[in-house]
Amino acid sequence: MKDQGRSTRKRTGGRLKHASNKKRHQLGREPAETTVGETRVQYIDSRGTEKKVRALSTNVAQVADGGEVSEAEIENVVDNPSNVNYARRNIVTKGAVIDTSAGRARVTSRPGQTGQVNAVLID
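Residues numbered from 1 in each chain as written. Predicted model: local features only at pLDDT ≥ 70, side-chain atom pairs only at ≥ 80, totals over all residues. Heavy atoms only, no water.

(A) Local environment of the nonpolar core. Counting 13 residues, the largest nonpolar core has Ala61, Val77, Ile98, Val107 and Val117 as the members making the most contacts within it. Every element with two or more residues in this core is listed here: strand 4 (60–65), strand 5 (68–79) and strand 8 (103–107). No other element matches the three residues that strand 5 contributes to this core. For Val107, the residues in contact, after removing those within four places along its chain, are Val92, Thr93, Lys94, Gly95, Ala96, Ile98, Val117, Asn118 and Ala119. (Core = buried A, V, L, I, M, F, W, Y, C linked by side-chain atoms within 4.5 Å. Buried < 20%, exposed > 50% of the residue type's maximum accessible area, 1.4 Å probe, protein only. Helix = DSSP H or I, 4+ residues; strand = E, 2+ residues; numbered from the N terminus. Contact = heavy atoms within 4.5 Å.)

Take a look at the structure:
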C-alpha cells in the first residue's frame, strides 16, 4: 500500500478521472515490521520539521503494571492478532502479546511509528 490517495473507482464501479497528480504527502512506505533482537532504529523524514523514529528491531519494552512502569526484556512474541504469521516471525506490532522478563504483556504503542515498545501486563 504505497499510494494512499483517493480510490480510482466510483461507488457504482465506474472509473474516476484524475483531477490532479499524486502529491508527496499521499506517499506511503513499506511497514517497519519490528522484530525481537538487538535495538536498531531508523529515522524517517515526516511532515513539517518532525522526524519519525522507526524501530527495526528491539529487545526492550516499557511494561506498565498498574501505576508502576518498569523496563523489561522481550523474550518472544506469543500472539499477534494483526497477522498469524507475525507471531511465528517474532514481529512486534500494536496489540501483540509478548513474553517479557516481567511476564506476559500486550503492546500498546506502535513501534514502527514511535521507535519504542510500551506494553501492559495481562497476567
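Once you've had a look at it, read on.
(B) Spatial organisation of the environment of Asn83. Considering the arrangement of structural elements, one finds Asn83 in the loop between strand 5 and helix 1 (84–88). By relative accessible area, Asn83 is classed as partly exposed at 27%.

(C) Summary view of the pairing of strand 3 (residues 51–58). With two bridges joining them, strand 1 (residues 34–36) and strand 3 adopt parallel strand pairing. Across the sheet, residue Val36 finds its bridge partner in strand 3, namely Thr58. In this structure, strand 2 (residues 40–45) lies alongside strand 3, joined through six bridges in antiparallel fashion. For Tyr43, the partnering residue across the bridge sits in strand 3 and is Val53. The loop that links strand 2 with its antiparallel partner strand 3 comprises five residues; one of these, Gly48, has a positive phi angle of about 80°. (Pairing = 2+ DSSP bridges.)

(D) Looking closely at a positive patch on the surface. Together, Arg29, Lys52, Lys94 and Arg110 make up a region of like positive charge exposed at the surface. With respect to the element layout, Arg110 can be found in the loop between strand 8 and helix 2 (111–114). (Patch = residues over 30% accessible without salt bridge, like charges linked within 9 Å, V, L, I, M, F, W, Y side chains within 5 Å. Areas by Shrake-Rupley, 256 points an atom, 1.4 Å probe, with all protein chains shown as cover. Salt bridge = Lys/Arg side-chain N within 4 Å of Asp/Glu carboxyl O. Lys, Arg positive; Asp, Glu negative; His and termini not counted. Charge placed at Lys NZ, Arg CZ, Asp CG, Glu CD.)

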